[in-house]
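# Observations on the three-dimensional arrangement
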Amino acid sequence: MDRFLAMRVFVDAVDLGSLTAAANKLDISRAMATRHIASLEKSLGVRLLHRSSRSLGATGAGNDILPYCRQVLALNEDIESV
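Scope of this entry: the structure provided in the associated data block. (Residues numbered from 1 in each chain as written. Predicted model: local features only at pLDDT ≥ 70, side-chain atom pairs only at ≥ 80, totals over all residues. Heavy atoms only, no water.)

### A look at the overall build of the protein chain
The secondary structure content of the protein chain amounts to four helices and two strands. Its helices and strands taken in sequence order, the protein chain reads α-α-α-β-β-α from the N to the C terminus. For the C-alpha atoms alone, the extent of the protein chain along its principal axes is close to 40 × 25 × 20 Å. Taking all 82 residues of the protein chain together, 30% fall into the buried category. Within the protein chain, counting contacts between residues at least 6 apart in sequence, those at least 24 apart form 49% of the total. For the protein chain, the accessible surface area stands at approximately 5,100 Å², while carbon and sulfur atoms represent 53% of it. (Helix = DSSP H or I, 4+ residues; strand = E, 2+ residues; numbered from the N terminus. Buried < 20%, exposed > 50% of the residue type's maximum accessible area, 1.4 Å probe, protein only. Contact = heavy atoms within 4.5 Å. Areas by Shrake-Rupley, 256 points an atom, 1.4 Å probe, with all protein chains shown as cover.)

Set out below in structure tokens:
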């Protein structure tokens with residue numbers, strides 16, 4: 001899986017409070033968004049999101065990792081614009 005896209009799904013899901021909203025923003029299916037999150041969680045060895053039928057939020061580890069994901073994504077955008 002594309003790690004940059006997985007980080008984008010994670011950041012957008014936290015910002016928007018929904019995997020469905022993140023998937024819609026990124027024009028991917030909700031199932032694919034879920035797979036990206038699962039792949040990122042597996043590669044990092046931590047659970048990033050608390051999911052329930054009514055809400056979604058970052059775990060403690062997710063909150064710790066979130067600023068790094070934002071930084072990596074911003075740097076990637078800078079590189080692409082050069």
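Still more ground to cover, so stick around.
### Examining helix α4 (residues 60–81)
In this model, α4 (22 residues) spans 33 Å end to end at C-alpha, consistent with the 32 Å of a helix rising 1.5 Å per residue. A maximum bend of about 30 degrees is found in α4 at Leu66, where proline Pro67 lies one to four positions downstream. Among the residues of α4, those classed as buried are Gly62, Leu66, Cys69, Leu73 and Asn76. For α4, the secondary structure elements touched by its buried residues are α1 (3–16) and β2 (56–58). (Expected span 1.5 Å × (residues − 1). Bend = angle between axes of the 7 residues up to and from the residue.)

### Comments concerning the pattern of salt bridges
Under the counting rule described, the total for this entry stands at five salt bridges. Across the salt bridge formed by Glu77 and Arg8, the nearest N and O atoms sit 3.3 Å from each other. Placement of Glu77 in helix α4 and of Arg8 in helix α1 is noted, with a sequence separation of 69 residues between them. Notably, a salt bridge pairs Glu41 with Arg51, separated by 3.3 Å at the nearest N-O pair. One end of the pair, Glu41, is in helix α3 (residues 30–44); the other, Arg51, is in strand β1 (residues 49–51), with ten residues separating them in the sequence. Residue class for Glu41 comes out buried when judged on its relative accessible area of 13%. (Salt bridge = Lys/Arg side-chain N within 4 Å of Asp/Glu carboxyl O.)

### As for the nonpolar core
Phe10, Val11, Ala13, Leu19, Ile37, Leu40 and Leu49 are the most contacted members of the largest nonpolar core, which totals 18 residues. Here this core takes six residues from α1, the largest share from any one element. Sequence-distant contacts of Val11, that is, excluding residues within four places in its chain, are made with Leu66, Cys69, Arg70 and Leu73. (Core = buried A, V, L, I, M, F, W, Y, C linked by side-chain atoms within 4.5 Å.)

### So, α1
Helix length check: α1, at 14 residues, gives a terminal C-alpha distance of 20 Å against a target of 20 Å (1.5 Å per residue), a fit within 8%. Those residues of α1 lying buried are Ala6, Met7, Val9, Phe10, Val11, Asp12 and Ala13. Where α1 is buried, its residues touch α2 (19–26), α3, β1, β2 and α4. One side-chain oxygen at the N-terminal end of α1 lies 2.9 Å from the backbone nitrogen of Phe4; it belongs to Asp2. Looking one or two residues beyond α1, the residue adopting positive phi is Gly17, at roughly 75 degrees. (Polar contact = N/O pair within 3.5 Å; in protein donor to acceptor, adjacent residues only side chain to side chain.)

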